[in-house]
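Spelled out, the chains give:
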Amino acid sequence: MSGVFITFEGGDGSGKTTQIVRLAAALRAAGCDPLILREPGGTIVGEGVREIVLDPRHEGVDPVAETLLFAASRAQLSATVIAPALASGRVVICDRYADSTVAYQGYGRGLDLEMVRGVNAWATRGLVPDCTILLDVDPTEGIVAATPAEADRLEREEITFHTRLRAGYLEMAAAEPERWTIIPRDRADVVWAAVVAALAPVFARAGIRLDA
Ligand code: TYD
């Protein structure tokens, strides 16, 4: 038996959570018992890592250290939670996974992409999602709109960071179109319809039929 592994990716505020909550409800209505996870987190070790990496006091964390912290959380999650759940035939939905590290630490922070991919492969023991949904948002829409005209250095830096991140995601999705689906920002119900359409084939193979 082997389950279905779905991940959601995108910049901050791309609406992943709304879609994941809806997908979980639709799967339950279809008679499944999906496992919903988030990264970093999902295990005691992972939640500890989450506290470290998201704590604003740790702003100056070295990018390599940051990468390895995310990878540590992921290694624990994939080995002790995701792989066993898939082996027992469950649907696993993860809010962020290895692609987030390529996007944020690789494209965003500028670390060597191959190095980051190597760390990911090691941390996940090569466990790759069946399907990855990219909720694509133009960061200048959200961030610039909310930023005063005289943005300070950090705010400006943040926009360029998010612009690099978005370009990175789009590049990753284009390089592996059989795994990724890009869904542009829109009303939540329009995005939801696109999510259902994207996942229908992979769920159909597992004998699951989702009602939109
Ligand atoms: P979170 O509050 O979960 O944000 P979101 O709702 O956008 O997922 O915080 C996770 C943050 O960590 C988010 O800014 C993305 C970042 N992140 C990385 O930089 N690298 C990673 O590998 C992962 C998993 C997350």
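Every value quoted in this text rests on a predicted model; they were computed, and no experiment measured them.

Rules and cut-offs
- Residues numbered from 1 in each chain as written.
- Predicted model: local features only at pLDDT ≥ 70, side-chain atom pairs only at ≥ 80, totals over all residues.
- Heavy atoms only, no water.
- Pairing = 2+ DSSP bridges.
- Helix = DSSP H or I, 4+ residues; strand = E, 2+ residues; numbered from the N terminus.
- Axes fitted to C-alpha atoms, helices over the stretch in contact; angles between N-to-C directions.
- Near = heavy atom within 4 Å.
- Polar contact = N/O pair within 3.5 Å; in protein donor to acceptor, adjacent residues only side chain to side chain.
- Nonpolar A, V, L, I, M, F, W, Y, C, P; charged D, E, K, R; others polar.
- Buried < 20%, exposed > 50% of the residue type's maximum accessible area, 1.4 Å probe, protein only.

Asks: I'd like a rundown of the sheet that holds strand β2 (residues 35–38), residues and numbers included.
Replies: Read from one edge to the other, the open sheet built from 5 strands follows the order β2-β3-β1-β4-β5, with strand pairing classed as parallel. Unpaired on one side and paired on the other, β2 and β5 (180–184) mark the two borders of the sheet. Pairs of neighbouring strands in the sheet enclose a mean axial angle of 20 degrees, with direction left out of account. Note: strand β4 (residues 131–136) against β5, 5 bridges, orientation parallel. Note on β5: the bridge partner recorded for D136 is P184.

Asks: Describe the site of the ligand, with residues and values.
Replies: In the vicinity of the ligand, the contacting residues are D12, K16, E39, R50, L54, F70, R74, R96, S100, T101, Y104 and Q105. A distance of 3.2 Å separates an oxygen atom of the ligand from a polar side-chain atom of R74. A distance of 2.6 Å separates an oxygen atom of the ligand from a polar side-chain atom of R96. Listed by contribution, the elements that provide at least two residues to the shell around the ligand are α2 (44–54), α3 (63–87) and α4 (98–108). Counting residues per element, the shell around the ligand draws most heavily on α4, which supplies 4 residues. Considering only residue class, the shell around the ligand consists of 3 nonpolar, 3 polar and 6 charged.

Asks: Give a detailed account of α4, specifying residues and quantitative values.
Replies: Of all 11 residues that make up α4, 11 are buried, and the element is covered over most of its length. Taken residue by residue, α4 has A98, D99, S100, T101, V102, A103, Y104, Q105, G106, Y107 and G108 as its buried positions. G110 lies just past α4 and shows a positive phi near 85 degrees.

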